[in-house]
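Coordinate inspection notes
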Amino acid sequence: MTTSIVDADSLLAIDVGATSTRAMLFDVVDGRYRYVAGGESPSTHNAPFFDIREGVHASIEQVQLITGRVLIGPDEQLIIPCQPDGTGVDTCAAIISIEPVPNVVVLGLLDDVSLESAKNLARTTYSHVVGSLSLNDHLDTEARINKIVRLKPDLVIAAGGTETGASQSVLKLIEAVGLAAFLLPKEKRPEILYVGNSELWDEVRISLENITSVQFSANVRPSLEEEQLEASRMELAKMVTRFHANHTPGVSELDLWARGGLLPSSTAFGRVIQFLSKAHRNKKGVLGVDISASAITLAGAMDGDLLSGVYTEYGMNEGVENLSNQVDLAELSRWMISDLTEEQVRNYLANKALNPSTMPVTSDELELELAVLRVLLRNAIKSYVKRWPDTLQIAGETLIAPVEPVLITGDLLNRFPGPAYCALMVLDGIQPTGITTLIEDQNRIAPALGVAAALNPLLTVQVLDTSSFHHLGTVIAPVGYARPGTPVLKLKITYPSGHESVLEVKQGSLETLPLPAGQSAKIQLQPLHRYDVGMGAAGRGGCLKVTGGTLGVIIDARGRPFQYPADPGRRRELVKKWLWTLGGN
Amino acid sequence: MLTLVSHILPLTLIRRERVLPMPGRILVRKGQKVNANEPVGEYKPHRDYSLVDVVRVLGVPVDRVDQYIQCEVGSKIAEGDVIAGPAGFTRKLIRSPKSGKVILTGGGQVLIEFDEQPEIIQAGFSGEITELLSDRGAVIETTGSLIQGVWGNGLIDSGPLVNLASSPTLELKLDQLDMSQRGSVLLAGFCRDTQVLDMAKQLPVRGLILGSMATSLKKMAEELPFPIILLEGFGQFAINASTYKLLCSHEQREVCLNAEKADRSKGTQPEIVIPLPASGTLSQPKAVEYLSQQQKVRVLHSLHARSTGVISRMKGKVTLPNGISTRAVEVRLDHNGEKIILPIENLEILA
């Protein structure tokens, strides 16, 4: 039975991650697309298999067991499309985020113009920028050649020259890249993505095409003031997929199953966030946070304009390794509430770096790992927010301006014993301001929906609207200056029953108001002392309708920017209190 | 669930590929017997290039530069050889600063690749070369004891084993080291003193096997000129009973240390190999097995780290003491018979 893509009903999404491989089945149930079942197995791209197929098959087998549906045929291939006997699935979508990631050299003319944009482009996916070249480095061609040959990059992102701008300088840099690529063994030559002055396409092609593979995309810096990453982001994503296909057996086959649509998970996640931002149209942005072993991905979008950052250095794997090598653990200590000594912490981190996929068992270990996550998340958001167009400057720090919602996903969600821990991680790590809603992707299907959107947009729309996503609640985070204990916000909540509750919130406190998921209520806000609650200006209050969630309405008046108290005893006491307030233990 | 296996084997077939990171030159032949630190192959990881701008240096017109270039593409040149010239009133010459090879000429420029010192990869243990892998490496085999560790400082060497660990937990102290241990591989329980490592360097020893080491010593250990292998990890852990017994039985025997950095993604771990003769056919130990009841396991990390035990029950999804929900098994610990629930990610199979 041939089924056109447009009419396809069922979809199997496969997510090959750094730690685990997951298969997720979506199908029409009661007239709507829903997430039906999922299977998970350790990823097998590493030793001893060095092939993703073992993990992919194991995860699909679990879906088969749960659903009773046969998806894999006797030839070990996915049955596409669905057969008359009910076996198989209509379409397959796939995403990938395995290691190693490609080493990238970025190239531009000026450090804070085209080179910066080339680096920002590299940031949109899983990669390690191992070196850069620009006019500012004052290297001659010989030195540039030697630099590239030593770095042996897998990819080169070459930017430079605004449209109708510089050409000779760009070509000089390209000449060095071409010579360096020529000198490397054929199988080690980097693939090149040219995203500079488009008038030079022909010359760049002539210069490079006989040496190595070169792709072209729109200029990332068409003018000094404008950065354009959208077009080149997809091209780079395809190059990363090709890198994995060339390095890891099984990836090409998975891409075939997905009809050439295999994408890096971060790209797919960005799509979902873009989609949500168009759906919400609330004049704020939407923020997505993916906390995984391989990277922390931050994807924000405003009305479809996406800004994403993939921070592999802050993924749990690399992050723990880096922290364990640090001399000064002061930053980590400030987030810790356990009694562990510095030596115990160092030993734990050093041993964790040897076995990054192990789980914390005791409360002390969990608290340490959550402290590590907070450090990594804070560092990622601090880097990310520098590029976000709408920010607040408070006490010397840049914070993200109000966004709504904040969607949290990632394989490290399994580190949270409950929703209260997840919410507190976001409040501490991201430190949202104003009014937002927190959504937890408890089934970790958001990136899969992003890649599925290209095949079946209706599926993505309908599943996003289901209980597959856990609404944690609405957060109100007033921003301003006042002494601890000073009342900074008065609010009145009116429930559908007509019952009202009034609350006065003090600086330094974290409060909640009950409002179950599926219910909405009216809240009247009156900020005091010119606190800003995101209603348009400092001191401005107003009414708004809020939707409920597992944790109700959370008022986080602990301050922005926020850090745990220096005194360990006080820290412990407060965190316990906040978790209790949020409904954790 | 398939789980990696860590080996502590008294007698087994050990077969390892030693692969160059890039094409190079293989220095051994099939059937050759090699020692642990003998080079198996060499490669040039870094090449230096020089781009000589003949037009600019000699000051000659670009349309006539070819007549001044004195070397051809592919030709080898020695230090001091003339690349281009003479030109001008002063009969200026361009000479090569180092020996190398001419890669390209054109546009008035000459690209030269300079000879660099090659880097080698060593055998890793004493054995026989059983297969050559083109220009990429060789396969080495031996029979003997195999003990895998958790951390190494990246070096290779071998020497007679001297046991300074009268118990698996004993700390290695400065007064235990003396000149008689020069050239040996030392076994000790635990080390936390930088002076001890420094003394070992002064002797010098050929290697150090420790149960565990203070994290503060890690940086120093990485810079020492002899291999160090940790059997259990950072902190203070006893050498596990099987490993301790096996190593004690090999005192004074030649042990080979390949302290390569543990990389679970590549399946590499630091290893101790003690070559022993064997009669009969031995097979290679399995690299991976299914986690199942009665499997002997070791706790990798977290609660009861480095303890060994046996899986008494497969539990499915459980809630740990800290509230996390995850797949787990029940393990009966060897040292006290206690039964504990542990996440499957925290275990490795011990063979």
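Predicted, not measured: the structure shown is a model, and the values here were computed from it.

**Focus: the overall build of chain B**
Scanning chain B from terminus to terminus reveals four helices and 27 strands. Rg of the C-alpha trace for chain B: 27 Å, well past the compact-globule value of 20 Å for 351 residues, more than 25% over. Along the three orthogonal principal directions, the C-alpha set of chain B runs to about 90 × 50 × 45 Å. For chain B, with 351 residues in total, the buried portion stands at 50%. Pairs at least 24 apart in sequence give 60% of the contacts found in chain B among residues at least 6 apart. In the structure as shown, chain B presents an accessible area of about 15600 Å², 49% of it carried by carbon and sulfur atoms. Taking the average location of the 40 positive side-chain charges in chain B and that of its 38 negative ones, the two points are 4 Å from each other.

**Let's talk about the interface of chain B and chain A**
Counting residues at the interface gives 45 residues for chain B, matched by 43 residues for chain A. Carbon and sulfur atoms make up 60% of the area that chain B and chain A hide from each other, which totals about 3700 Å². Linking chain B with chain A are one salt bridge, by the criterion used here. In this structure, the connection of chain B to chain A is made through 14 residue pairs in polar contact (both at pLDDT 80 or more).

**Notes on the nonpolar core**
Residues and elements named next belong to chain A. Of all hydrophobic cores here, the largest spans 69 residues; its most connected members are Leu-298, Leu-332, Val-372 and Tyr-384. Considering every element that reaches this core, the biggest residue donor is helix 12 (residues 363-385), with 13 residues. Apart from the residues lying within four places of it in its own chain, the contact partners of Tyr-384 are Leu-287, Leu-298, Ala-299, Gly-300, Leu-307, Ser-308, Gly-309, Tyr-311 and Ile-400. Membership of the second largest hydrophobic core comes to 31 residues, among which are Leu-11, Ala-237, Ala-299 and Leu-407.

**Thoughts on the confidence of the model for chain B**
All names here are of chain B. Mean pLDDT over chain B: 93, with 100% of residues reaching 70 or higher. Across chain B, the element-wise mean pLDDT spans from 81 in strand 1 (residues 2-6) up to 98 in strand 18 (residues 207-213). ipTM for the predicted complex: 0.91, alongside a pTM of 0.93.

**Re helix 15 (residues 457-464) of chain A**
For helix 15 of chain A, the set of buried residues is Leu459(A), Thr460(A), Gln462(A), Val463(A) and Leu464(A). Contacts made by the buried residues of helix 15 of chain A are with strand 1 (11-16), strand 2 (20-29), strand 3 (32-42), helix 8 (265-280) and helix 14 (446-452) of chain A.

**Some points on the sheet that holds strand 17 (residues 434-440) of chain A**
Residues and elements named next belong to chain A. If you walk across this open sheet you meet the eight strands as 13-12-11-16-17-18-24-21, and the pairing is mixed. For this open sheet the edge positions go to strand 13 (305-311) and strand 21 (509-513), each flanked by a neighbour on one side alone. Each strand axis lies, on average, 20° off the axis of its neighbour in the sheet, ignoring direction. As judged from the five bridges shared by strand 21 and strand 24 (residues 553-557), these two strands associate in the antiparallel manner. Along strand 24, the bridge assignment pairs Leu-510 with Asp-556. Of the strands in this sheet, strand 11 (285-291), strand 12 (296-302), strand 13 and strand 16 (403-409) touch helix 8, which is tilted by about 30° from strand 12. Seen against the sheet, helix 12 touches strand 11, strand 12 and strand 13 and runs at an angle of roughly 40° to strand 12.

**Focus: the environment of Gln109(B)**
Positionally, Gln109(B) belongs in strand 11 (residues 109-114). Judged by its relative accessible area of 19%, Gln109(B) is buried. Taking the C-alpha atoms as reference points, Gln109(B) and Glu251(B), separated by 142 residues in sequence, lie 63 Å from one another. Among residues more than four places away in sequence, those in contact with Gln109(B) are Glu175(A), Leu51(B), Val52(B), Asp53(B) and Leu104(B).

**Some points on the packing of helix 9 (residues 316-325) of chain A against helix 11 (residues 342-354) of chain A**
All names here are of chain A. Remark: helix 9 packs on helix 11, axes separated minimally by 8 Å, with the N-to-C direction vectors making an angle of 140°. By the angle between their directions, the pair helix 9 and helix 11 is classed as oblique. In this structure, helix 9 meets helix 11 at a crossing whose hand is left-handed. The segment helix 9 lies against helix 11, with Val-320, Glu-321, Leu-323 and Ser-324 engaging Arg-346, Leu-349, Ala-350, Lys-352 and Ala-353. Residues that form the contact of helix 9 with helix 11 fall into these classes: five nonpolar, one polar and three charged.

**Some words on the pattern of salt bridges**
Two side chains that carry opposite charge are able to pair once their charged atoms sit near each other. Residues and elements named next belong to chain A. Applying the stated rule across the entire model yields 41 salt bridges over all chains. For Arg-205, the salt bridge goes to Asp-202, with nearest N and O atoms at 3.4 Å. Of this pair, Arg-205 and Asp-202 both sit in helix 5 (residues 201-208), separated by three residues, roughly a single helical turn. The closest approach of N and O atoms between Glu-573 and Arg-570, which form a salt bridge, is 3.1 Å. Of this pair, Glu-573 and Arg-570 both sit in helix 16 (residues 568-582), three residues apart, which is roughly one turn of that helix. Looking at Arg-570, the relative accessible area reads 40%, which means it is partly exposed. Bridged by salt links that share partners, the residues Arg-374, Asp-428, Asp-556, Arg-558 and Arg-560 form one connected network.

**Section: the side chain of Asn197(A)**
Residues and elements named next belong to chain A. Along the chain, Asn-197 turns up in the loop between strand 8 (191-194) and helix 5. A distance of 3.4 Å separates a polar atom in the side chain of Asn-197 from the backbone oxygen of Gly-165. Leaving out residues up to four positions away in the same chain, Asn-197 has contacts with Gly-160, Gly-161, Thr-162, Glu-163, Thr-164, Gly-165, Ala-166 and Asn-219.

**Here we look at the pairing of strand 3 of chain A**
Residues and elements named next belong to chain A. Of the pairings in the sheet, the one linking strand 2 to strand 3 comprises ten bridges and is antiparallel in character. Considered in strand 3, the bridge of Leu-25 is made with Ala-37. Hairpin connection, strand 2 to strand 3: the antiparallel pair is bridged by two residues, and Asp-30 has positive phi, about 55°.

**Quick word on the sheet that holds strand 22 (residues 520-527) of chain A**
The strands making up a sheet associate through backbone hydrogen bonding, with each pair oriented either parallel or antiparallel. Residue and element names in this part refer to chain A. Read across the open sheet, the four strands follow the order 20-19-22-23; overall the sheet is antiparallel. Edge positions in the sheet fall to strand 20 (500-506) and strand 23 (542-547), since each of these pairs with one other strand and no more. Each adjacent strand pair in this sheet contributes to an overall mean axis angle of 25°, direction not counted.

**Section: the environment of Pro561(A)**
All names here are of chain A. When you line up the elements, Pro-561 lands in the loop between strand 24 and helix 16. The partly exposed category is assigned to Pro-561, whose relative accessible area is 25%. Each C-alpha atom, one on Pro-561 and one on Glu-397, is 6.9 Å from the other, the two residues being 164 residues apart in sequence. Residues contacting Pro-561, with those up to four places away along its chain left out, are Ile-394, Ala-395, Glu-397, Leu-399 and Gln-431.

What counts as what
Along each chain, the written sequence defines residue order, and numbers are assigned to residues from 1. Chains and ligands are labelled by the order in which they are written, letters from A for the one and numbers from 1 for the other. Reporting of local features is limited, given that this is a predicted model, to residues whose pLDDT is at least 70; pairs of side-chain atoms are given and counted only at 80 or more, and all residues count toward the totals for whole chains, interfaces and linings. Side-chain calculation: all heavy atoms of the structure are included, whereas hydrogens and water are not. Secondary structure counts use DSSP, requiring at least four H or I residues in a row for a helix and at least two E residues in a row for a strand, with both numbered from the N terminus. The globule rule is 2.2 Å times the number of residues to the power 0.38, and the radius of gyration it is compared with is taken over C-alpha atoms. Think of it in three bands: residues with accessible area under 20% of the maximum for their type are buried, residues over 50% are exposed, and the middle band is partly exposed, with areas taken using a 1.4 Å probe on protein chains only. Contacts are assigned to residue pairs that have any heavy atoms within 4.5 Å of one another. Note on areas: Shrake-Rupley, 1.4 Å probe, and residue coverage restricted to the protein chains presented here. A positive count includes Lys and Arg, and a negative count includes Asp and Glu. His and the chain ends are not counted in either. Note that the charge is assigned to NZ on lysines, CZ on arginines, CG on aspartates and CD on glutamates. A simple way to read buried area is as the amount of 1.4 Å-probe accessible surface that goes missing from two parts once joined, with both sides added. Salt bridge criterion: a side-chain nitrogen from Lys or Arg within 4 Å of a carboxyl oxygen from Asp or Glu. Here a polar contact is taken to be a pair of N or O atoms separated by no more than 3.5 Å, where protein atoms must pair a possible hydrogen donor with a possible acceptor and residues adjacent in sequence count only if both atoms sit in side chains. For the purposes of this section, nonpolar cores are sets of buried Ala, Val, Leu, Ile, Met, Phe, Trp, Tyr and Cys residues that join through side-chain atoms within 4.5 Å. The pLDDT score gives, residue by residue, the confidence of the prediction method on a 0 to 100 scale. In this analysis, strands are considered paired if DSSP registers two or more bridges between them. The convention used is that axes are lines fitted to C-alpha atoms, helices contributing only their stretch in contact, and that angles between N-to-C directions extend from 0 to 180 degrees. Any angle between 65 and 115 degrees counts as roughly perpendicular, while under 35 counts as roughly parallel, over 145 as roughly antiparallel, and the rest as oblique. Take the far helix as the reference: if the near one is turned anticlockwise from it by less than a right angle, the crossing is left-handed, and if turned clockwise, right-handed. Ten residues, namely Ala, Val, Leu, Ile, Met, Phe, Trp, Tyr, Cys and Pro, are considered nonpolar, four, namely Asp, Glu, Lys and Arg, are considered charged, and the remaining ones, Gly among them, are considered polar.

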